[in-house]
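Architecture at a glance
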Amino acid sequence: MQEEKGVLTKARSGPTPVGGKLVDRVLAGALRDKAKDLAARLPKLTLTLDQVVTVEMIATGVLSPLEGYPGSGDYASILDRGRLADGTPWTLPPTLAPGDDAGRGVVDRVREGEALALIDPSGVPIAILHVQEKYGFDKTERARKLFGTVERRHPGVDSIFRRLGDTALAGPIDLLEKTHWGPFEKYRLEPKDAWRLFHEERGWSTVVAFQTANPLHRGHEHLQKCALEIFDGLFIHPVIETTRRAYFRNEFRIKAYEVALREYFPADRVAMAPLRITMQYAGPREAILHALIRRNFGCTHFIVGRDHAGFGSFYDPYASQRIFSDYGREELGIEPIFFRESFYCTRCGAVASEKTCPHGREQHITMSGTGVQDILRYGYLPPKEVLRPEVGQVILQGIQPKGVGPDGHAIKPVGDTIKGLFPSYLTHTRLGGPKRPQPLDPKNLQARDLEAALRDTRDNASRVYERVYETYASLFDIERGADLTLLEEARRKAIAIQEELIQALEQKVAIAPPAVEDRYMYQDREEAERELQVARKILDDLRHGADTDFRERVWNQRPYDDYRS
């Protein structure tokens, strides 16, 4: 690839950005100085934090071929056809339609052909918008066509009615200032940097991308390593903006990815960088957009798992895979890789799926993201067959919300958690053991049942296949030995991981604002400092061999019911 006149163009056979060029609307040098002088004289529109993120995505080429906010023709075409007006695949329109009173006033006054200075929440001009068009749109139509529903319990729908106005501004933007990513700054990888890293420095011809908003569990690891058997490189690209109330704090998630990659992946074949984008949970439509974004990062393939970008039961679990049949391979320019839902089969002794495992559910430990979250909320590490312990150490500290509500449950009733993660507990006395005389009713289960199911899994998950092996081994007089002296090494690694996490949290505290506009999505300084305090206490306990007080790890800054969907 080579750069010409501010865009990245194709220099050899291989992948290309969407539309054939990588957009670059970031001003530098004299052009930037001149634009900053102009911005000081222009009418000003203050953006929300998620709008700032979108502006930077456009300017750095993440959303190529868009050079700004699309006009009414492209907007209507995206809603109706999942394409821009010229036919280029595009499924979700970035829309600048301020919903606050001050923003509405600016929109009312500005005229087509004029320009606006776009201001971040701290008052710094970050971009200039060259207004080419103003157009009205119907929020109900937008919700129905993008999400297939107008129910406000869907976070994307709620965001439309809660945050958008009725009039949108369209036109190209010029970026004056990039935002500082705080603890994520050292991981920043823009599309042009990714092309250079993947195709020039590392010489990868094929790059498979993986997106997640959850910690890296063993199911993810399994399919990523399957992909590494086929492709030259793996790009792990986790999302670090979200609209969902219950989630893992981003700093902890990124550190958990870093730890997992260092401990369990070949360093020269994997790259990781965060993606700043606000999830809309548009299911199939968002899956297409996510694939196109990874094409702009130089990827040739994109992993699409079960219920990609879904929320609750709004979409069929595999709708986000089927939608790719609506687009030709050539027009998408990136090939999807589909995986079924995975689980750990104790009889196979491996991670498997319904396509590869012949055994019943009583032998399975489900890779349920929700189940993993609930176990962490109770303060337990999930089984090693589900989550690597090094990952669990970090992510347990970042789960939100923590603990249980007044009813003794963590978001969902305990029975739902057990049924989703440990189905055998309901029907069998233990993994690989005899059936219960009467199956347990999930409605009657309590927290002690979760503890019992977890202990059973820890004790027996690895022993089911081991017992089969030992039976065969004894028949052939095979002797085996195992080194059981790994505890001290594990403790040393845990200390090192905790020290790294504290460094990231210290950076976070240093730039945390005293107050925030939306405490579902962002943190103020007081809460960030409390996270840091708990992390330091855990490090001290690790160094001295003490047990960390469980209650220190399960606190919430908001009433527990605020997190319920």
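Residues numbered from 1 in each chain as written. Predicted model: local features only at pLDDT ≥ 70, side-chain atom pairs only at ≥ 80, totals over all residues. Heavy atoms only, no water.

Averaged over the chain, the pLDDT score is 89; the fraction of residues at 70 or greater is 90%. The low-confidence segment residues 1–12, where pLDDT is below 50, has 29 contacts with residues more than four positions distant or belonging to other chains. The model gives residues 477–485 a pLDDT under 50, and that stretch makes four contacts with residues more than four places away or in other chains. (pLDDT = per-residue confidence, 0-100. Contact = heavy atoms within 4.5 Å.)

Before going further, it helps to examine the nonpolar core. Within the largest apolar cluster, 78 residues are counted, with the highest numbers of intra-cluster contacts made by V55, W90, L118, F198, F235 and I293. Once you skip the residues sitting within four places of it in the chain, F198 turns out to touch L189, G203, W204, V207, F235, A271, F297, G298 and C299. With 67 residues, the next largest nonpolar core counts V208, L216, A260 and I495 among its residues. (Core = buried A, V, L, I, M, F, W, Y, C linked by side-chain atoms within 4.5 Å. Buried < 20%, exposed > 50% of the residue type's maximum accessible area, 1.4 Å probe, protein only.)

On to the packing of helix α13 (residues 369–378) against helix α15 (residues 414–421), then. Two elements in contact, α13 and α15, have axes whose closest approach is 9 Å; the angle formed by their N-to-C orientations is 130°. By the angle between their axes, α13 is oblique relative to α15. Crossing geometry of α13 relative to α15 is assigned as left-handed. Residue-level inspection shows G371, V372, D374, I375 and Y378 of α13 in contact with α15, the latter providing V414, T417 and L421. (Axes fitted to C-alpha atoms, helices over the stretch in contact; angles between N-to-C directions. Helix = DSSP H or I, 4+ residues; strand = E, 2+ residues; numbered from the N terminus. Parallel < 35°, antiparallel > 145°, perpendicular 65-115°, else oblique. Left-handed = near helix turned anticlockwise from the far one by under 90°.)

Over its 13 residues, helix α10 (residues 284–296) runs 19 Å from end to end, which matches the ideal 18 Å to within 8%, given 1.5 Å per residue. Of all 13 residues in α10, 13 are buried, a share of seventy percent or more. Following α10 by one or two positions, G298 has its phi on the positive side, about 90°. (Expected span 1.5 Å × (residues − 1).)

Following the criterion strictly, the structure yields 41 salt bridges and no others. Close ionic contact of D166 with K139 constitutes a salt bridge, the shortest N to O distance being 4.0 Å. Taken together, the residues D166 in strand β9 (residues 164–175) and K139 in helix α5 (residues 139–147) connect sequence positions 27 residues apart. What makes K139 buried here is its relative accessible area of 13%. Among the charged side chains, a salt-bridge network with shared partners connects K255, E258, R262, E263, K493 and E500. (Salt bridge = Lys/Arg side-chain N within 4 Å of Asp/Glu carboxyl O.)

This part is about the sheet that holds strand β20 (residues 364–366). The antiparallel open sheet is built from three strands, whose spatial order is β19-β18-β20. The sheet terminates laterally at β19 (350–353) and β20, the two strands that pair on one side only. Sheet twist, expressed as the mean angle between neighbouring strand axes with direction ignored, is 40°. Where strand β18 (residues 342–345) and β20 come together, three bridges link them in antiparallel fashion. In the strand pairing of β20, C345 is matched with H364. (Pairing = 2+ DSSP bridges.)

Looking now at the pairing of strand β6 (residues 115–119). Counting buried residues in β6 gives five out of five residues, a clear majority hidden from the surface. The side-chain alternation of β6 yields two buried faces, one formed by A115, A117 and I119 and the other by L116 and L118. Both strand β3 (residues 44–46) and β6 contribute to a ladder of three bridges, which runs parallel. Note that in β6 the partner of K44 across the bridge is A117. Direction of pairing for β6 relative to strand β7 (residues 125–130): antiparallel, over a ladder of five bridges. Across the sheet, the residue bridging to A117 is I128, located in β7.

Attention shifts here to the environment of T212. You can see T212 is positioned in the loop between β10 (207–210) and α8 (218–228). In contact with T212, not counting residues within four places along its chain, are H220, H237, P238, V239, R253 and Y257. Within the structure, T212 has its side chain in polar contact with the backbone nitrogen of N214 (distance 2.9 Å). (Polar contact = N/O pair within 3.5 Å; in protein donor to acceptor, adjacent residues only side chain to side chain.)

For the rest of this paragraph, the subject is the side chain of N296. Note on placement: N296 falls in helix α10. Overall, the relative accessible area of 0% leaves N296 in the buried class. At a separation of 2.9 Å, a polar atom in the side chain of N296 contacts the main-chain amide nitrogen of V18. Dropping the residues within four chain positions of it, N296 is found in contact with P17, V18, L22, G61, V62, L63, S64, P191 and W195.

Quick look at empty space enclosed by the protein now. On inspection of all chains with the given rule, the structure shows four cavities of 30 Å³ or more. As a volume, the largest cavity reaches approximately 140 Å³. Those elements giving two or more residues to the lining of the largest cavity turn out to be α2 (49–59) and β15 (275–278). Take the lining of the largest cavity: its biggest share by element is three residues, from α2. Here the lining of the largest cavity is composed, by residue class, of eight nonpolar, two polar and four charged. (1 Å grid on protein atoms, 1.4 Å probe; cavity = no way out; pocket = protein on both sides within 12 Å on 5 of 7 lines; lining within 4 Å. Points joined across faces, edges and corners; volume = space filled by probe spheres on them. Nonpolar A, V, L, I, M, F, W, Y, C, P; charged D, E, K, R; others polar.)

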